[in-house]
Amino acid sequence: MIIHIYAKVSKGLKMTKQINTLFAVLMMVLLMIVTRGHDNWLSSMLHLPDFTIPALFIAGVYFRKFWVVFTLILSSVAIDNYAIVHQGVSAHCITPAYSLLPLTYYGIFWISKAISTLVIDDNIVKNAFVIIIATCTQWFAATSSYYFFTTTYSQTGWRDFPAYVAKWSMIEIPTTLSWMAIIIITFTLVPRISPALKLQKSD
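All residue numbers refer to position in the chain's written sequence, counted from 1. With pLDDT at 70 or above as the cut-off, local features in this predicted model cover only qualifying residues; side-chain atom pairs require 80 or more to be listed or tallied, and sums for whole chains, interfaces and linings still use all residues. Excluding hydrogens and water, the side-chain figures rest on all heavy atoms present in the structure.

(A) Helix 6 (residues 124-148), seen in detail. Only DSSP runs of H or I reaching four residues or more are called helices, and only runs of E reaching two or more are called strands; each is numbered from the N terminus. Given a helix with a known number of residues, its expected span is that number minus one, times 1.5 Å. The terminal C-alpha atoms of helix 6, which comprises 25 residues, lie 36 Å apart, in line with the 36 Å expected from a rise of 1.5 Å per residue. Exposed residues in this analysis have more than 50% of their type's maximum accessible area, buried residues have under 20%, and partly exposed residues fall in between, with area computed by a 1.4 Å probe over protein chains only. Within helix 6, burial applies to Asn127, Val130, Ile131, Ala134, Thr135, Gln138, Trp139, Ala142, Thr143, Ser144, Ser145 and Tyr147. When checking whether two residues touch, look at their non-hydrogen atoms; a contact exists if any pair is within 4.5 Å. Packed against the buried residues of helix 6 are helix 3 (52-62), helix 5 (101-111), helix 7 (151-156) and helix 8 (161-193).

Structure (structure tokens):
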């Protein structure tokens, strides 16, 4: 009898956890749609930076399942393709280098497993260091591969690349780090207000 009750409770908890994971993934995908930098009414009004990298950090720390990262990466590709095909967004960013982008996204997910939690605690310095290094590495890999296929590279090689990096790194990297700061502050404060909203890592 006790074993039967325990099995039912365990099954119920597992189902609740799965529902919570599905809801979290849905929210992250919706934020990616809203913020991925394409023409839509909300991004035009709020000018929110891309949520893709922060979503991958959250997935790597709290939802360590392949289907979660696969869903996020597939969604990012689908959002880009929809914007190009149906919204008339320029396809100048779609070069052979684009094939490297999903790999760099997976790299963010993989390295996020070294982060203990996205809250302010005793490990915040180590976790912040991992976030900063991972963000910069992903950005540099994606940017350098893209630059290789630009007309600038075909004309001048790598000569102008340092100036390109200096310009765009100061624009694009801080936006991701700003999202991460907001996430860390939110994940720290919200559970103190409502403990039921505390995120737990997946098994």
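(B) Here's a closer look at the nonpolar core. Residues Met28, Leu56, Phe57, Ile58, Leu72 and Leu118 are the most contacted members of the largest nonpolar core, which totals 36 residues. Taken together, the elements giving at least two residues each to this core come down to helix 1 (2-35), helix 3, helix 4 (66-86), helix 5, helix 6 and helix 8. Examining the composition of this core, we find that eight residues originate from one element, helix 3, more than from any other. Contact partners of Phe57, with chain neighbours within four places excluded, come to Ile108, Ser112, Ile115, Leu118, Ile131, Ala134, Thr135 and Met180. Of all hydrophobic cores here, the second largest spans five residues; its members include Trp139, Phe161, Val165 and Ile173. Buried Ala, Val, Leu, Ile, Met, Phe, Trp, Tyr and Cys residues that are joined via side-chain atoms within 4.5 Å together make up what is termed a nonpolar core.

(C) Inspection of the packing of helix 5 against helix 6 at higher detail. Note on definitions: angles span 0 to 180 degrees between N-to-C directions of axes, and those axes are lines fitted to C-alpha atoms, for helices only across the stretch in contact. Contact geometry of helix 5 with helix 6 gives a least axis separation of 10 Å together with a crossing angle of 170°. Compared by their axis directions, helix 5 and helix 6 come out roughly antiparallel. Here Leu101, Thr104, Tyr105, Ile108 and Ile111 of helix 5 lie close against helix 6, whose contacting residues are Val130, Ala134, Thr135, Gln138, Ala141 and Ala142. Each residue is assigned to one of three groups, with Ala, Val, Leu, Ile, Met, Phe, Trp, Tyr, Cys and Pro labelled nonpolar, Asp, Glu, Lys and Arg labelled charged, and all others, Gly among them, labelled polar. Residue composition of the contact of helix 5 with helix 6, by class: eight nonpolar, three polar and no charged. An angle below 35 degrees is treated as roughly parallel, one above 145 as roughly antiparallel, one from 65 to 115 as roughly perpendicular, and anything else as oblique.

(D) Quick peek at the side chain of Ser169. Looking at where Ser169 falls in the secondary structure, it is placed in helix 8. For Ser169, a relative accessible area of 9% translates into the label buried. When neighbours within four sequence positions are excluded, Ser169 is seen to be in contact with Trp139 and Pro174.

(E) Structural context of the environment of Thr21. Its place among the elements puts Thr21 in helix 1. The buried category is assigned to Thr21, whose relative accessible area is 9%. C-alpha of Thr21 to C-alpha of Tyr62: the two residues are 41 residues apart in sequence and 9.2 Å apart in space.

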